[in-house]
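Per-entry structural report
Residue-level listing of the chains:
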Amino acid sequence: MSENNFDRGSALSIFGSDRKEDFMALAFALIIAFGVYFTY
Amino acid sequence: MVYSKKSPALFIIGVVMLAIWFLADAGLLAGYIEHLGGKKYKYGKELASLPLYFGILSVFVGALHWFGPQKEGEWDYYSSAVPGAMFILLIAMLVRWFIAPEVAVVSKSMGEVGNTGKHIHTILGLNYVVIGIVTGIIIVNFFKVPEWAKNGVRVSRLGLKTGVILLGTLYSAAELKNLGGLSIFMIGFFVLGSVGMTLWLGARRNIPNSMGGVLSAGMGVCGVSATVASAPVVQAKSVEIAYTIGTILLWGVGCMFIFPMVGQLLDMSHLKFGAWAGTGILNSAQVAGAALAYQPNGIETLKVAEIFNITRVLVLPIIVMWLAVWYVKREQTGTKVSVGKVIFEKFPVFVLGFLLLFGLSTTGMFAPANHYKGKYFDNNIKTEKLLSDEDIAELKGNADKVQREDQKAALARLLDGRKVSSIDDDDTLRGLANSKVMGKKSGKILKKAHKAVRHTSKKIKAFRDWITWLFAFGLVGLGMQITVSSMKQAGGQPAVIGGIVGLTKAVLSLVVVLLIVKDTI
């Protein structure tokens, strides 16, 4: 998959920047963490 | 531009997931599950829920894409990733629930390898990690990733990053106080040395900075987690991540067999061998395999090797920071780079997330603060968990077979209190059970006493399951980005560099261990 196949994001990510992807990952992780904390 | 495709693919994936759920729920898979391990098969609960939830989601979004109107916009762009993501998830489900257990069944039927106490699939690391990547590689090279799945493949790294953040929950800073100065010195020196040497060799042999960066973290710290955590920092390509994981696992397989032989030749003490294996071998399972191969009848070597292993994980954030600065400096040759600015602008937020959850885990929020990977010692147990009169009589009948003084004393305390009295006694009695000197029945009773005081946090177990899923998802997607041509492009340099660094570390750490480590703690 080459870089120019995608006009949004990159070959490795659908997000515009690494930092945006990092924040999304952080948000998901915190949602999971609180979900686990209150469920178990 | 409209990104979502008018395709029945996602709808069909949903139907397949629902079919898996139905077959499992109706008991139609019972025969196959019996073959995969019966009561030991761990995924019954997952089979009863996950394919149902994700099946419904896929059918719903799949129907919207297939029959609904297509309009440009954010919903269209982000929902266009769902078909590919569900395709990867379906493959990850098949790998975790059926393919990996099947590989384990075949491997176990072949018996244990030598005196390692391990089966061939454990030694070769043929778990969901490797099988997931290989499955992805097979799909992309033999069938090609379908057009409707391409956007979804690009969310696999998001899964890996989320998994790395959640890894923080498995460790606790309370574990630091159990680590001796020796392990901190050895690991600090050799981790930083290996990273530095890999980067230097990578530059000399002209491999891309991204390849050198990710390989250095893998060779320096440990296996898959370090590789995954450092990959985005150095903009590593999928093939470079896969090469690093392959190099580490192959190197570890060789070490597992060679280390115990060298240890026997040099007549190393348990402490010396544990320190050497924990420093020189990269993968946790392979460290444990080598330690057990060296000392099959006790766990002293294993314990020391594990302590060294834990220390290594804790160095990970430092290495990630180093690589962030190193990578930017290398990529921006000619311009002056401000270290502070690089850390602020480039430092991956997801690594801060790892540190945040590591901090929360240390407070005891998810499990008692002294836990390690969710396991902790607590001998405040219910009366029914105490050893019975029959158990006590059995152990007393075989007590005279025990030769070692520390084991005799721990056994006496166990007989007296009907439960394991301390964490040290627990370690000693595990060694006694492993040595099998008291016979099979007594061994079982000792293991029962051990299980009664060793607890697993439900929260941490849930986190482990999440991490496993996110890694399985991410690695199948990662495999789907690896073509044969990209592997040819990467060439054999990573394996050569990995071999040189690994061998140097093994030899130097052996010399250091022989010179400075005493025979006993």
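1. A closer look at the overall build of chain A
When its secondary structure is counted, chain A shows one helix and zero strands. Counting across all 40 residues of chain A, residues that qualify as buried make up 35%.

2. Observations regarding the confidence of the model for chain B
Residues and elements named next belong to chain B. Here chain B shows a mean pLDDT of 86. Residues at 70 or above account for 94%. Per-element confidence in chain B ranges from a low mean pLDDT of 69 for helix α18 (residues 339-346) to a high of 97 for helix α1 (residues 9-25). Both confidence scores are given for the complex: pTM 0.81, ipTM 0.91.

3. A few points about the nonpolar core
Core analysis: the biggest nonpolar cluster contains 147 residues, and A290(B), I319(B) and L323(B) have the highest contact counts within it. Core analysis: the second largest hydrophobic core is formed by 15 residues, L395(B), L411(B), V420(B) and M438(B) among them.

4. Brief notes about the packing of helix α9 (residues 156-167) of chain B against helix α19 (residues 349-362) of chain B
When two helices pack together, their arrangement is given by the angle between their axes and by how far apart the axes lie. Residue and element names in this part refer to chain B. Their axes nearest at 6 Å, the elements α9 and α19 cross at an angle of 30 degrees. One finds that α9 runs roughly parallel with respect to α19. On the side of α9, the interface is formed by K161, V164, I165, L166 and L167, while α19 contributes F350, G353, F354 and L357. A class-by-class count of the residues in the contact of α9 with α19 yields seven nonpolar, one polar and one charged.

5. Examining the domain arrangement of chain B
Residues and elements named next belong to chain B. Taken as a whole, chain B is organised into domain 1 (9-154), domain 2 (163-372 + 458-516) and domain 3 (375-456). Centre-to-centre separation of domain 1 and domain 2, based on C-alpha positions: 27 Å. Contacts between the two partners involve 29 residues from domain 1 and, on the opposite side, 25 residues from domain 2. Contributing elements (two or more residues each) for the side of domain 1 that touches domain 2: α5 (82-109), α6 (120-123) and α7 (128-143).

What counts, and at which threshold
Residues numbered from 1 in each chain as written. Chains lettered and ligands numbered in written order. Predicted model: local features only at pLDDT ≥ 70, side-chain atom pairs only at ≥ 80, totals over all residues. Helix = DSSP H or I, 4+ residues; strand = E, 2+ residues; numbered from the N terminus. Buried ≥ 20, exposed ≤ 12 C-beta atoms within 10 Å, placed from the backbone. pLDDT = per-residue confidence, 0-100. Core = buried A, V, L, I, M, F, W, Y, C linked by C-beta atoms within 7 Å. Axes fitted to C-alpha atoms, helices over the stretch in contact; angles between N-to-C directions. Parallel < 35°, antiparallel > 145°, perpendicular 65-115°, else oblique. Contact = placed C-beta atoms within 7 Å. Nonpolar A, V, L, I, M, F, W, Y, C, P; charged D, E, K, R; others polar. Domains from an automatic or database assignment.

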